[in-house]
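Working through the structure, step by step
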Amino acid sequence: MKKILIIEDEKILSEMYKFKLEKEGFEVLNAMEVDEAIEIGKANKPDLVVLDILLPKESGINYLIKMKNIEELKDVPVLVLSNFDDNETKNKSFELGAKDYLIKSNHDPKEIVEKIKELIK
Amino acid sequence: MPFPVYLLVPSAVLIIMVGFYSWLRGKKRENLIFFFLSMGQALWAIGSFLLWSSCGNDIAVIFWDRILYFATCMMVPLLYHLSLEICELTQRKQSKVLLPLAYVLGFIFAGLTATPYFVDGVFYYAFGGCHTYAQTGHHFFLIYLITFISFAFYNLYKTSKNEKQSQEIKEKAYFTLMGYLVFSLAGIGIATAYGVVFYPAYYIFFPLFSIIITYAITEKNLFVASMATDILIGAILVLVSTFFFFPELEMGIIGKGVIFLLLLVSCSLLLKHNHQEIRRKEEAERISKLKTEFISIVSHQLRTPLAAIRGYTDMIKDGDYGVLGKELSVPINYIHDASVSMIKMVNGLLSVTRLERGKIELKVKYFSIDNMIEGCIQDVELKAKEKGLYLKYEKPTEPLPSVRGDEEKIKHAVMNIINNAILYTVTGGVTVSVSVLYSSNVRISIKDTGVGIEKEENEKIFESFSRGKRGIELQPQGTGLGLYVAKSFIAMHKGKITVFSEGRDKGSTFYIDIPLRADIISKQEFDLVPPELKK
């Protein structure tokens, strides 16, 4: 079973994506902030990370920077899923290795699942 | 020559500048009339100056006198016309008769000035002055002049005192009246034609007039707004240049005092205006920044709950929470669709704020316009099918050249128009075609058989928060931002979007023209483009 780590502080949304992904046969892990995500990531080695940008303690961009030095996470593909669609942030995310950048409100959960499947392939 | 005669030239230069500025900066008819009137006054002033300088040469005196009379003949109907425009009386019954009459008579008298029936012969008098003798035509002209100028002053006076008029119009009428009343005092010199001679102190009223009008324009926004700085700099330049043009000028202590005072007033007004202008600009920037930040924050905040509504309803629809009963599926679909349309509105608002902040960048690369349109068609095919509409893509027979631009932005604009075409078409369908114009432009045409656009709305629909009447009837929801954003994206590529519609229910055709200059290249040339540019 493929493991997805969702880094999302809005419970209403993380629950939604978790439910949908579990229905599609994924194992889902949740983290609310960057450091927590790194701990969970190290311990569970996910197949893909779904990353929000506006997080409580530090920005999702910091996850992209930090993961580069973590053996267990440096090769794990990241899908940025945020409502923050500032061009600079988008470019920065791609520079730091994000595979794609989607705006949460522009996609139904099934479209996001499709994207995740495509990235895991 | 007496000192007041010298004042005519800088004043003429000033009034020419003021006239030009008001014409260039103001769009109303009164600005154009004021411009012509200013030119007439300048011609009068220069004619008068040259007449004085030509004393001794009778032919030149007659010539310049005729020129200044010609200018006066033109000024009369223009001043009358200006009074009607300012007082908003052009539509009055009597104005419709008197105004053409004023112009016709003005032209007749102007023609007459070239003949000996207006002025003829030269006489000389004290102070180094000379003038022509008034003839029959001149007598009638005087009656005409006094009549129409009185009408103009009466109109302006009545309006300036009219309590029902807006403060703006009242002030405008008041300053115009004051200005031209003062100017008419400079016209006392006309009495010279009848042998009544005196020291030409009356010319001082012309610079005085120029100052009043300049003051009214700079301080009271007469004719145009916010041109104070330009005019004041012009006024200072004119005053200072007087010394250079007329180094021999002996103006005495009073003359020097006047010039110094004028310089002082102009400079202090200039400083005051500069400070005001800076403050106004800062305030406008602050408000605009606050507005865009506010919209941006609110929109981002809105996206989270909207994403939840959209996501959960979509999952309910898909049966992720169990089979959905028939009764519930209809309202759930409504909620989902409503959230999607609200998300589109939020996206539109965000695009507008980004456009206003100049935050949108183009990611330029070479791309195939053909593939892009195919992609658009695929994305909306289902939507058209569901509505029972046809959606055709008429491919050009010749292969299309590659286009250099931001594919995402151009696609956004094309999608917006195709989506609108489907949305506002009830029967029939939509046809998309592409052609290359003058080997430098790509034209994408989107033709529908929909509700059409009223002629007067052709420009308006591209403005922000603006929608066509027929569109609102058919689809009451919508922000009116889609076409504005599409137009802005295409404009960023130096292109344009135009629309053609024969009217109500006759369909519309949108043309997206993207000029490519050197960016359209042949296949062979494209192969030579460095790979990093093609990314």
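In short, a report on the structure. (Residues numbered from 1 in each chain as written. Chains lettered and ligands numbered in written order. Predicted model: local features only at pLDDT ≥ 70, side-chain atom pairs only at ≥ 80, totals over all residues. Heavy atoms only, no water.)

What follows concerns the pairing of strand β5 (residues 100-103) of chain A. Residues and elements named next belong to chain A. Burial along β5 is two-sided: D100 and L102 facing one way and Y101 and I103 facing the other are all buried. As defined by bridge partners, strand β4 (residues 78-82) adjoins β5 across 4 bridges and the pair is classed as parallel. Pairing of V80 across the sheet is with Y101, part of β5. Crossover β4 to β5 through helix α4 (residues 87-95) is right-handed. (Buried < 20%, exposed > 50% of the residue type's maximum accessible area, 1.4 Å probe, protein only. Helix = DSSP H or I, 4+ residues; strand = E, 2+ residues; numbered from the N terminus. Pairing = 2+ DSSP bridges. Right-handed = clockwise from strand over helix to strand, strands pointing away.)

Before going further, it helps to examine unusual backbone geometry. All names here are of chain B. Positioned with a positive phi, E88 is a non-glycine residue whose angle comes to about 55°. Note that E88 resides in the loop between α4 (58-86) and α5 (93-112). The exposure class of E88 is exposed, given its relative accessible area of 55%. Non-glycine residue D505 carries a positive phi angle of around 60°.

We now examine helix α3 (residues 60-67) of chain A. Residue and element names in this part refer to chain A. Within α3, burial applies to G60, I61, Y63, L64 and M67. One side of α3 carries all its buried residues, which in axial view fall inside an arc of 155°. Structurally, α3 contributes buried residues whose contacts are with β1 (3-7), α2 (34-44), β3 (48-51), β4 and α4. The N-cap of α3, judged by a side-chain oxygen 2.9 Å from the amide nitrogen of I61 a few residues on, is S59. (Arc of directions from axis to C-beta. Contact = heavy atoms within 4.5 Å. Polar contact = N/O pair within 3.5 Å; in protein donor to acceptor, adjacent residues only side chain to side chain.)

Turning our eyes to something else, we now look at the sheet that holds strand β2 (residues 27-31) of chain A. Residues and elements named next belong to chain A. The 5 strands are arranged β2-β1-β3-β4-β5 in an open sheet whose pairing can be described as parallel. Bordering the open sheet on either side are β2 and β5, each of which pairs with just one other strand. Each strand axis lies, on average, 20° off the axis of its neighbour in the sheet, ignoring direction. Relative to β3, β1 runs parallel, the two sharing 4 bridges. By the bridge assignment, I6 is partnered in β3 with V50. The strands touched by α2 are β1 and β2; relative to β2, the strand with the most contacts, the crossing angle is about 150°. (Axes fitted to C-alpha atoms, helices over the stretch in contact; angles between N-to-C directions.)

With that settled, consider the state of the cysteines. Residue and element names in this part refer to chain B. The tally for this structure, following the rule as stated, stands at 1 disulfide over all chains. What pairs with C55 in a disulfide is C130, and their sulfur atoms sit 1.8 Å apart. Negative torsions about the S-S bond denote left-handed disulfides, and the value of about -85° found for C55 with C130 makes this one left-handed. Here C55 is found in the loop between α3 (29-53) and α4, whereas its partner C130 is found in strand β2 (residues 129-134), with 75 residues between them in sequence. (Disulfide = S-S within 2.5 Å.)

Once that is clear, we can look at the sheet that holds strand β8 (residues 496-501) of chain B. Residues and elements named next belong to chain B. On the basis of which strands lie adjacent, the open sheet formed by 5 strands has the order β4-β6-β7-β9-β8 and mixed pairing. Lying at the two open borders of the sheet, with one neighbouring strand each, are β4 (390-394) and β8. The mean angle between the axes of side-by-side strands here comes to 15°, regardless of whether they run parallel or antiparallel. Pairing of strand β7 (residues 441-448) with strand β9 (residues 508-515), which is carried by 8 bridges, proceeds in the antiparallel orientation. The residue of β9 that forms the bridge with K447 is T509. Contacts from helix α12 (residues 369-386) reach β4, β6 (429-437), β7 and β9, with the element oriented near 170° to β4.

This part takes up the nonpolar core. All names here are of chain B. Of all hydrophobic cores here, the largest spans 66 residues; its most connected members are L8, W44, F141, Y180, F206, F209 and I213. The element best represented in this core is α4, accounting for 15 residues. Among the nonpolar cores identified, the runner-up in size contains 39 residues, and A384, M415, I418 and V442 belong to it. (Core = buried A, V, L, I, M, F, W, Y, C linked by side-chain atoms within 4.5 Å.)

What follows concerns the interface of chain B and chain A. Size of an interface, as often reported, equals the accessible area lost when the parts are brought together. Counting from both sides, the interface comprises 21 residues of chain B and, opposite them, 22 residues of chain A. Contact between chain B and chain A buries roughly 2,000 Å² in total, counting both sides, with carbon and sulfur atoms accounting for 48%. The tally of links between chain B and chain A comes to 4 salt bridges. Inspection of the chain B/chain A interface yields 13 residue pairs in polar contact (both at pLDDT 80 or more). (Buried area = accessible area lost by both parts, 1.4 Å probe. Salt bridge = Lys/Arg side-chain N within 4 Å of Asp/Glu carboxyl O.)

All names here are of chain B. Their axes nearest at 8 Å, the elements helix α2 (residues 8-25) and α3 cross at an angle of 165°. As summarised for this structure, α2 and α3 are arranged roughly antiparallel, according to the angle between their axes. Crossing of α2 against α3: the hand is left-handed. Considering only residue class, the contact of α2 with α3 consists of 17 nonpolar, 6 polar and no charged. (Parallel < 35°, antiparallel > 145°, perpendicular 65-115°, else oblique. Left-handed = near helix turned anticlockwise from the far one by under 90°. Nonpolar A, V, L, I, M, F, W, Y, C, P; charged D, E, K, R; others polar.)

All names here are of chain B. The N-to-C vectors of α3 and α4 enclose an angle of 155°; their axes lie 8 Å apart at closest approach. The angle between α3 and α4 falls in the class roughly antiparallel. For the crossing formed where α3 meets α4, the hand is left-handed. The residue inventory of the contact of α3 with α4, partitioned by class, reads 19 nonpolar, 6 polar and 4 charged.

Here we come to the pattern of salt bridges. All names here are of chain A. All chains considered together, the criterion is met by 26 salt bridges over all chains. When the shortest N-O distance is used, the salt bridge between K115 and E118 registers 3.5 Å. Here the residue K115 and the residue E118 both occupy positions in helix α5 (residues 109-120), the gap between them amounting to 3 residues, near one helical turn. Through salt bridges that share partners, E8, D52 and K104 make up one connected network.

With that settled, the discussion passes to a nonpolar patch on the surface. Residue and element names in this part refer to chain B. A surface patch of nonpolar side chains, about 470 Å² in accessible area, is lined by F20, W23, L24, L32 and F36. Elements that contribute at least two residues to the nonpolar patch include exactly α2 and α3. Residue contributions to the nonpolar patch peak at 3 residues, all from α2. With respect to the secondary-structure elements, F36 resides in helix α3. A relative accessible area of 44% means that F36 is categorised as partly exposed. (Patch = residues over 30% accessible without salt bridge, like charges linked within 9 Å, V, L, I, M, F, W, Y side chains within 5 Å. Areas by Shrake-Rupley, 256 points an atom, 1.4 Å probe, with all protein chains shown as cover.)

One full turn of an α-helix is made of 3.6 residues, so residues set three or four places apart face in the same direction. All names here are of chain A. All of the buried residues along α4 are N87, T89, K90 and S93. Viewed end-on, α4 has its buried residues packed into an arc of 165°, placing them on one side of the element. Turned more than 90 degrees from where α4 packs its buried face, E88 and E95 sit exposed. The inward-facing, buried residues of α4 contact α3, β4 and β5. At the C-terminal side of α4, G97 shows a positive phi close to 105°.

So, about the packing of aromatic side chains. Applying the stated criterion to the full structure yields 31 aromatic pairs over all chains. Measuring from ring centre to ring centre gives 4.3 Å for F19 of chain A and Y321 of chain B, while their planes differ by 10°; the resulting arrangement is stacked. Of this pair, F19 of chain A sits in helix α1 (residues 11-23) while Y321 of chain B sits in the loop between α10 (252-317) and α11 (326-356), on two different chains. In this structure an aromatic cluster arises from ring pairing among W44, Y180, F183, F198, Y202, Y203, F206 and F209 of chain B. Directly above the aromatic system of Y390 of chain B lies the positively charged group of K392 of chain B, at a separation of 4.9 Å from the ring centroid. The ring of F489 of chain B has K409 of chain B sitting right over it, with the charged end atom 5.7 Å from the ring centre. (Phe/Tyr/Trp six-rings, centres within 6.5 Å; stacked < 30°, edge-to-face > 60°. Lys NZ or Arg CZ within 6 Å of the ring centre and 35° of its normal.)

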